[in-house]
Structure formats: structure tokens, C-alpha cells
Amino acid sequence: MLAVLGITVGPFLWQLSTSFKGASEDIYTYPPGFLPEHPTLGNYSGVADIIPVWDYALNSLKVALTNVVTNLVGASLAGYALARLRFRGRRLAGLAFVVALLVPLESVVIAQFTMMRDLHLNNTLTAVVLPGAVGALNVLLMRNAFANLPYEIEEAAVIDGANVWQRFLRIALPSVRGTLAVVAIFSFMGAWDDFLWPLIVLSDSDHFTLTVGLNYLHGTFQQNPRLVAAGTIVAVAPLIVLFACLQRYFFRGVGEGAVKG
């Protein structure tokens, strides 16, 4: 565990330390110095002076939050239908979502770009959101969560006269809050960290997301790793905040589907 922790957390701590080090400090000393001798926030202001990093961050936030909402709504509805409703082609629909997980993005990116172009959505944040609006993995997560709920609860609701929407909103959905948190985290991380698709579909720098914007001026950052580190921390910080807020639901997972007295 300590070895894994060092491999995963060590580089992040080094980047965090580097982002606070001044120009006079040697960042390549051995062993690495994680505590800056003269901490400074100048690197963060330096990034903002070179590129409109906060505008890019706002674009990424818009895309990520929209992606979270669409996945929570779409994946919940699709997952409930696959788990609880009986309709012709249900098994085939579930298989289609499984197959969708096996298709790499690179194999369909040209078709996606052509579709966005035909819809006149190229170079818009809407085009960035649409391909990931409902993820196949999120649908399967919600399907498994709903499938683990005891049927007796819904049967009692049916006897009381509850329709499908009432059972979904009042019984099923509150019982899978843990999985909803998992879907929210996965959706936010996927949209926030996405680089290839925004790079392809966006051409106007005013619409760049944070990942594209930082890489777009990598030649400028290349001479100053302190600015690279500061830009990295700006990109990672929202993910840490999100996980910190939802971690108790994340680890609870689908266990909330159990019958409660």
C-alpha cells in the first residue's frame, strides 16, 4: 500500500510543491524537496497572464456540469428501464450498451465529427457535451443498482396504486444515491479530463476547455516547469473538491439498495 501510495500520490505532491517554488529554487534537487523554501503564488498568476486560464476553466466547468446532469438523468432512466420494465428487445438493448463499452473513441471520432458538422454544432461547447451526454458505463452501473433492489418494495407500491414514474422517483431513485454519486464523479472526471474530442471539434480559442487551452500553449510552458505545475494544479483541484464532497456516497455505492427497517 505504501509503494502504491508513493507511486500515485508522489508525482502530484511534487507538482504541488513545484507550483509554489520561486524562480531561484532548484526543482531538480535529489532527493526531491517537497517543501518550498520561499512559497509564492506568482506561478498561478503567471499562468493567468499567459493564457485566459480562468475562461478555459469556466468552459470546462460548463461542459462537466452539463455532462453530469445529462448522465444522471439519462443513465437513471435507461438503467431503470433495463432493470425493472418488461418490453420487447430489453436484452438486446442491454447488450448494445455492453458492446458500446468495447468500441474505442478513436474508431468513431470521425463519424462524431461529421455528425456535429452536419448539425452545424462544430466549434461549440454543445458539440463537446453531446457524445458523452449518456455514457454506456453509467447506464450499466445504474441498471445493476436498480436490479439489486428487492422487488417486494415495488410490488407493495404497485398495490398502493403507484405508477412507474412514482416508483422510479419516490422508491428506486432515493435507494441508489451511492451509485448516483459514482455516476456523477465518473461523468465529471470524464468531461473535465477529456482532451482528444474537444481538441478535434473546437477551433476557436474562446471555446477551448482547460485541457486543450493548457496544451495549446505548451511551447510557452515548456521553458518554465513551475508554470506547468501551476496549470496542472488548477486543472486537478476541482476533481479533488468534487470527490471530497461525494466520497461518503461513492464508497457507499449500491449497498444503499438494501431493505431498511
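These notes cover the structure that comes with them. Values in this document were obtained by computation on a predicted structure and should not be read as measured data. Chains are numbered independently. Their residues run from 1 in the order of the written sequence. Where local features are concerned, this predicted model is filtered to residues with pLDDT of at least 70; where side-chain atom pairs are given and counted, the filter is 80 or more; whole-chain, interface and lining totals use all residues. Values reported for side chains reflect all heavy atoms of the structure, with hydrogen atoms and water molecules removed beforehand.

### Thoughts on the overall build of the protein
From N to C terminus, the protein includes 14 helices and zero strands. Helix numbers and strand numbers start at the N terminus; a helix is a DSSP run of H or I with at least 4 residues, a strand a run of E with at least 2. The order of α-helices and β-strands along the protein, N terminus first, is α-α-α-α-α-α-α-α-α-α-α-α-α-α. Using a 1.4 Å probe on the protein chains alone, a residue whose accessible area is under 20% of its type maximum counts as buried, one over 50% counts as exposed, and one in between counts as partly exposed. Scored against the burial criterion, the 261 residues of the protein give a buried share of 37%. For accessible areas, the Shrake-Rupley method is used with a probe of radius 1.4 Å. Any residue's cover is judged against the shown protein chains and nothing else. Only carbon and sulfur atoms are counted for the fraction: they give 67% of the accessible area of the protein, which is about 14,900 Å². Charge separation in the protein, taken as the distance between the mean sites of 16 positive and 16 negative side-chain charges, equals 15 Å. Counting rule for charge: Lys and Arg are taken as positive, Asp and Glu as negative, and neither His nor the chain ends is counted. The atom standing in for a charge is NZ when the residue is Lys, CZ when it is Arg, CG when it is Asp and CD when it is Glu.

### Comments concerning the side chain of Thr209
Among the secondary structure elements, Thr209 is positioned in the loop between α11 (196-201) and α12 (210-216). By the convention used here, residues are in contact when the closest approach between their heavy atoms is within 4.5 Å. For Thr209, the residues in contact, after removing those within four places along its chain, are Tyr56, Asn59, Ser60, Val63, Pro198 and Leu202.

### As for a nonpolar patch on the surface
Residues enter patches when they are more than 30% accessible in relative terms and free of salt bridges; like-charged ones are connected within 9 Å and nonpolar ones (Val, Leu, Ile, Met, Phe, Trp, Tyr) within 5 Å. Salt bridge, as used here: a side-chain nitrogen of Lys or Arg that lies within 4 Å of a carboxyl oxygen of Asp or Glu. Taken together, Leu2, Leu5, Val9, Leu13 and Phe34 make up a surface patch of nonpolar side chains, about 470 Å² in accessible area. Relative accessible area serves as the criterion here: at 42%, Phe34 is assigned to the partly exposed category.

### Digging into the pattern of salt bridges
Where charged atoms from two side chains of opposite charge approach closely, those side chains can pair. Summed over the entire model, instances satisfying the criterion amount to three salt bridges. As a salt-bridge pair, Asp118 and Arg117 come within 3.9 Å of each other at their nearest N and O atoms. Note on Arg117: relative accessible area 47%, which makes it partly exposed. Here Arg167 and Glu154 are joined by a salt bridge, their closest N and O atoms 3.2 Å apart. Taken together, the residues Arg167 in helix α9 (residues 164-175) and Glu154 in helix α8 (residues 151-159) connect sequence positions 13 residues apart. Each of Arg84, Glu154 and Arg167 takes part in a single network of salt bridges with overlapping partners.

### Focus: the layout of surface pockets
Empty space among the atoms can be located by rolling a probe the size of a water molecule over them. A volume near 870 Å³ is recorded for the largest pocket. Forming the walls of the largest pocket are 28 residues, and the residues nearest its centre are Leu105, Pro131, Gly132, Gly135 and Ala136. Taken together, the elements giving at least two residues each to the lining of the largest pocket come down to α3 (53-84), α4 (90-102), α5 (105-118), α7 (136-147), α10 (177-193) and α11. The greatest single-element share of the lining of the largest pocket, amounting to five residues, is contributed by α5. Amino acids outside the nonpolar list (Ala, Val, Leu, Ile, Met, Phe, Trp, Tyr, Cys, Pro) and the charged list (Asp, Glu, Lys, Arg) are all regarded as polar, and Gly is one of them. Here the residues of the lining of the largest pocket sort into 19 nonpolar, eight polar and one charged. Cavities and pockets are found on a 1 Å grid laid over the protein atoms alone: a cavity is a set of points where a 1.4 Å probe fits but cannot escape, a pocket is an open set with protein on both sides within 12 Å along at least five of seven lines, and a lining residue has an atom within 4 Å of such a point. Grid points are joined across faces, edges and corners, and a volume is the space filled by probe spheres set on the points.

### Side note on the packing of aromatic side chains
Stacked, edge-to-face and tilted labels apply to pairs of Phe, Tyr and Trp rings (six-membered ring for Trp) whose centres lie within 6.5 Å, assigned for plane angles under 30 degrees, over 60, and everything in between, in that order. Counted under the stated rule, the structure contains seven aromatic pairs. On the numbers, 6.3 Å between centres and 80° between planes, the contact of Trp165 with Phe168 is edge-to-face. Pair noted here: Trp165 and Phe168 are both in helix α9, with a separation of three residues, about one helical turn. By relative accessible area, Trp165 is classed as exposed at 55%.

### Observations concerning the side chain of Glu154
Assessed through its relative accessible area of 8%, Glu154 is described here as buried. Looking at Glu154, its side chain comes within polar contact range of the side chain of Tyr80, at 2.8 Å. Residues in contact with Glu154, not counting those within four places in the same chain, are Tyr80, Arg84 and Arg167. Polar contact is the term for a pair of N or O atoms within 3.5 Å; when the atoms are in protein, one must be able to donate a hydrogen and the other to accept it, and sequence-neighboring residues count only if both atoms are side-chain atoms.

### Considerations on the nonpolar core
By size, the foremost hydrophobic cluster in this structure holds 34 residues, and its most contacted members are Val53, Phe188, Trp192, Val201 and Leu210. Of all the secondary structure elements, the ones that give two or more residues to this core are α2 (42-50), α3, α5, α6 (125-129), α10, α11, α12 and α14 (225-252). Counting residues per element, this core draws most heavily on α14, at seven residues. Ignoring sequence-local partners within four residues, the contact set of Phe188 consists of Leu61, Ala64, Leu65, Val68, Pro238, Leu239 and Leu242. What makes a nonpolar core is a set of buried Ala, Val, Leu, Ile, Met, Phe, Trp, Tyr and Cys residues whose side-chain atoms join them at distances within 4.5 Å.

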